[in-house]
Amino acid sequence: MTARGTREDRDADDLDVEEALALVNDGNGFDRGPARVPAAAPAEGHEGRRSRAHDTSHRATPWPEARAVAARAGRAAGARRTPVSVTLDAALGLVLAAPLTALTDLPSFDTSAMDGWAVAGPGPWDVRDEGVLAGQTGPDTLADGEAVRIATGARIPADTTAVLRSEHGRLDEKGRLHASPEPSPGQDIRPRGQECRNGDQLLPNGAVITPAVLGLAAAAGYDTLAAVPRPRVEVLVLGDELLIEGRPHDGLIRDALGPMLPPWLRALGAEVVAVRRLGDDAKALQRAVSSSLADLIVTTGGTAGGPVDHVHPVLRRLEAELLVDGVTVRPGHPMLLARLADGRHLVGLPGNPLAAVSGLLTLAEPLLGALATRAAPEPYTLPLRDAVHGHPYDTRLIPVVLRGDAAVPLHYNGPAMLRGIAAADALAVVPPGGARAGQEAELLDLPWAAAGIGACFT
C-alpha cells in the first residue's frame, strides 16, 4: 500500500529510527536520559536540531510548534472568509457564523406534556364531548369543574388547572372524571416560554451544527442558518510510478493516497473540490497550484530534494512563503506548509502513506479546523500499555487502539505502511527517547473513531 518513497523519506523515517534505538538503548531500549548524539550531529536540544536530510539548508520545526503555526495560519485566513446562508438540510457539520437566537417562545403556547385530560378546578369533572389533539383547535377555555380529553403536544385551553394523566383518571357510570391522585396545579403543563423566550441566545457563534442543533434551530423558527463555509481543498497526487488500478508491477505501485485523502479531508470538515493526478511534472504542478481556487491545496510526495521532487522549486517560483519546512516528527519529517502570494495555503505531504497521515494530522487538520473556525479539540492522554521505542530527538506518532483506559501500540507503523493505521483508533504522540509501559501519552483521535464511519463522512 505504499505510495512513493524518496531517499530522504528512507533516511528520515527508517534509518534514523534504527539509529535512535541504538543511541538511546540502555539494555532495555528505553533510556529516558539525554540521547547520545553522533559526533557529526549538531549538539543542540532535540527541538532545535537539524534533520540530517536538510541540515545544510534549514531547521525543521518542532512538532508542537508546527501544529500551532498551522492553526495560526488557518485563523488568519478564516477571519477573511465570508459567512454563507445555508438551508438546514445542508448545514450539518458547519460552524455557526452568528449566534442562534430564538425567533419565538419555546413552546410558543401552553402545551400538554402527557396524554390525558385538561381539567379546571377541583374534581370530579364533567367531560366535554370534543377532544384536543396536537395541531388542532379545541375549546378556548374551560369552566371550573370541566375537563376535556387532550393529547401530548396539544394546546392547553385557557383556565386549565392541570393535566390529569390517562392512568390517573377514572370515569364513573355517569361519565364524570375522578382523579387518583388529584393533580397539583400546573402539573404536566409545559408553559409558554419554558425553554426560551423570543430573542434569547440559544447557542453562540462558533458552535458546530450537529443534528441536535438542526432540531433546535427548526423548533426556534429557522429555515436557514448563517454558517462558516467548508474550506475548499484540492488534492494533487504526484508521482510517475503510481497506478490507479490493478496490482503493482514492473516498478509501478498503487496510489494509496488518492483514495485515502479525499474522504479523510471530508471527515475533517473540508469540501474536496478536485483530485488531480499530475505525475512528476513541474510545469503541470505549477499550473495546477496557480490556477486552483481552493482554500487549501494538498500535494502528495515531492517534498524532499530528489531530482523529481518539484514542490519546493515550484513554491519558490510562485514566491510562496514557507511557514513550515520540515517537522521534527517521524514518520513524516519532510512535510511542509506554505502560504501562497494570494493568501491561500499549500500543505505538502510526504509520499509514504503513514508519513502522509502524519503530515495530515500535523498540518492539515489544525489548519482546516481554524479555517472553519472550529474550536481545537482538548488534548488528552492515556497510559501506553506497552513500551514504545523513540527517536533520539524527534517526536514519533504511533498508531494505537484504545482498550479500556489504555492505548495499545500497533505494529506495522513504518512510514510506508498503512496496515497499522487502518486498524487504529488514534495516534499516540511519543516524545524523543521513547516511552515506557504505563507512561501517559497524548493521543490524536482519528475522525471516525468516536463518531463512527457513517457519521464522520456525512
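This text gives an overview of the structure that appears in the document. (Residues numbered from 1 in each chain as written. Predicted model: local features only at pLDDT ≥ 70, side-chain atom pairs only at ≥ 80, totals over all residues. Heavy atoms only, no water.)

## So, the overall build of the protein chain
Logical step 1: Looking only at helices and strands, the protein chain features 10 helices and 28 strands.
Logical step 2: By the burial criterion, 49% of the 458 residues in the protein chain qualify as buried.
Logical step 3: A sequence separation of at least 24 residues applies to 71% of the contacts in the protein chain between residues at least 6 apart.
Logical step 4: Summed over its atoms, the accessible surface of the protein chain is roughly 21,000 Å², and 52% of this surface lies on carbon and sulfur atoms. (Helix = DSSP H or I, 4+ residues; strand = E, 2+ residues; numbered from the N terminus. Buried < 20%, exposed > 50% of the residue type's maximum accessible area, 1.4 Å probe, protein only. Contact = heavy atoms within 4.5 Å. Areas by Shrake-Rupley, 256 points an atom, 1.4 Å probe, with all protein chains shown as cover.)

## Focus: the side chain of Ser112
Logical step 1: Take Ser112: it is sitting in strand β5 (residues 111-112).
Logical step 2: Its relative accessible area of 2% is what places Ser112 among the buried residues.
Logical step 3: At a separation of 2.5 Å, a polar atom in the side chain of Ser112 contacts the main-chain carbonyl oxygen of Met114.
Logical step 4: Non-local contacts of Ser112, meaning those with residues more than four positions away in its chain, are made with Ile150, Ala151, Thr152, Gly153, Ala154, Ile156, Val163 and Asp188. (Polar contact = N/O pair within 3.5 Å; in protein donor to acceptor, adjacent residues only side chain to side chain.)

## Some thoughts on unusual backbone geometry
Logical step 1: With an omega of -10 degrees, the peptide bond running from Leu106 to Pro107 counts as cis.
Logical step 2: With respect to the helices and strands, the residue Pro107 is situated in the loop between β4 (100-101) and β5.
Logical step 3: A cis amide bond, omega 0 degrees, links Gly123 with the succeeding residue Pro124.
Logical step 4: Among the secondary structure elements, Pro124 is positioned in the loop between β6 (116-119) and β7 (125-132).
Logical step 5: We note that Asp159 has phi near 70 degrees; this positive angle belongs to a residue other than glycine.
Logical step 6: Summarising the element assignment, Asp159 is placed in the loop between β8 (146-150) and β9 (162-165).
Logical step 7: Using a relative accessible area of 56% as the deciding quantity, one classes Asp159 as exposed.
Logical step 8: Its identity as a non-glycine residue notwithstanding, Tyr412 has a phi of 55 degrees, on the positive side.
Logical step 9: Relative to the helices and strands, Tyr412 is located in the loop between β26 (406-409) and α8 (419-422).
Logical step 10: On the basis of relative accessible area, Tyr412 is assigned to the partly exposed category, the value being 41%.

## Quick look at the nonpolar core
Logical step 1: Among the nonpolar cores identified, the biggest contains 50 residues, and Leu261, Trp264, Leu265, Val357 and Ile421 are the most heavily contacted of them.
Logical step 2: When residues of this core are assigned to their parent elements, the largest contribution, 10 residues, is made by helix α7 (residues 353-371).
Logical step 3: Sequence-distant contacts of Val357, that is, excluding residues within four places in its chain, are made with Met260, Trp264, Leu418, Ile421 and Leu427. (Core = buried A, V, L, I, M, F, W, Y, C linked by side-chain atoms within 4.5 Å.)

## What about the pairing of strand β19 (residues 296-300)?
Logical step 1: The element β19 is extensively covered by neighbouring structure, given that 5 of its 5 residues are classed as buried.
Logical step 2: A two-sided burial pattern is seen for β19, the buried positions comprising Leu296, Val298 and Thr300 on one face and Ile297 and Thr299 on the other.
Logical step 3: Judged from the 5 bridges that link them, β19 and strand β23 (residues 345-349) form a sheet pairing that is parallel. Among the inter-strand pairings, Thr299 is bridged to a residue of β23, identified as Gly348. (Pairing = 2+ DSSP bridges.)

## Structural notes on empty space enclosed by the protein
Logical step 1: Summed over all chains, the structure comprises 2 cavities of 30 Å³ or more.
Logical step 2: Its volume calculated, the largest cavity comes out at about 50 Å³.
Logical step 3: Gly93, Leu94, Val95, Val228, Pro229, Arg230, Leu268, Gly269, Ala372 and Arg374 together form the lining of the largest cavity.
Logical step 4: Looking at the lining of the largest cavity residue by residue, the classes come out as 6 nonpolar, 2 polar and 2 charged. (1 Å grid on protein atoms, 1.4 Å probe; cavity = no way out; pocket = protein on both sides within 12 Å on 5 of 7 lines; lining within 4 Å. Points joined across faces, edges and corners; volume = space filled by probe spheres on them. Nonpolar A, V, L, I, M, F, W, Y, C, P; charged D, E, K, R; others polar.)

## Some thoughts on the side chain of Asp309
Logical step 1: One can find Asp309 in the loop between β19 and α6 (311-317).
Logical step 2: Reaching out from Asp309, the side chain makes a polar contact with the backbone nitrogen of Gly305 at a distance of 3.5 Å.
Logical step 3: A polar side-chain atom of Asp309 sits 2.7 Å from the main-chain amide nitrogen of Gly306.

## A word on the sheet that holds strand β20 (residues 321-325)
Where strands meet in a sheet, backbone hydrogen bonds hold them as pairs that are either parallel or antiparallel.
Logical step 1: Strands sit in the order β18-β15-β19-β23-β22-β20 across an open sheet of 6 strands; the sheet is mixed. This sheet does not close on itself; its edge strands, each paired only once, are β18 (271-277) and β20. Across this sheet, the average inter-strand angle for adjacent strands is 20 degrees, counted without regard to direction.
Logical step 2: Lying over the sheet, helix α4 (residues 257-267) contacts β15 (232-237), β18, β19 and β23, oriented at roughly 170 degrees with respect to β18.
Logical step 3: Lying on the sheet, α7 is in contact with β15, β19, β20, β22 (336-339) and β23; it crosses β23 at an angle near 165 degrees. (Axes fitted to C-alpha atoms, helices over the stretch in contact; angles between N-to-C directions.)

## What about the pattern of salt bridges?
Logical step 1: Applying the stated rule across the entire model yields 15 salt bridges.
Logical step 2: Here Glu234 and Arg276 are joined by a salt bridge, their closest N and O atoms 3.2 Å apart. Remark: Arg276 occurs in strand β18 and Glu234 occurs in strand β15; sequence separation between them is 42 residues.
Logical step 3: Classification of Arg276 by relative accessible area gives partly exposed; the value is 33%.
Logical step 4: Across the pair Arg330 and Asp394 runs a salt bridge whose closest N-O atoms are separated by 2.6 Å. Here Asp394 lies in the loop between β24 (381-383) and β25 (395-403) and Arg330 lies in strand β21 (residues 327-330), a separation of 64 residues in the sequence. Here the two residues Arg330 and Asp394 agree in accessibility, since each one is buried. (Salt bridge = Lys/Arg side-chain N within 4 Å of Asp/Glu carboxyl O.)

## What about the packing of α4 against α7?
Logical step 1: It is the contact of α4 with α7, at a shortest axis distance of 12 Å, that shows an interaxial angle of 25 degrees. As summarised for this structure, α4 and α7 are arranged roughly parallel, according to the angle between their axes. At the point where α4 passes α7, the crossing takes the right-handed sense. In this structure, α4 uses Leu257, Met260, Leu261, Trp264 and Leu265 to contact α7, whose residues at the interface are Pro353, Ala356, Val357, Leu360, Leu361 and Leu368.
Logical step 2: Of the residues assigned to the contact of α4 with α7, the class counts are 11 nonpolar, no polar and no charged. (Parallel < 35°, antiparallel > 145°, perpendicular 65-115°, else oblique. Left-handed = near helix turned anticlockwise from the far one by under 90°.)

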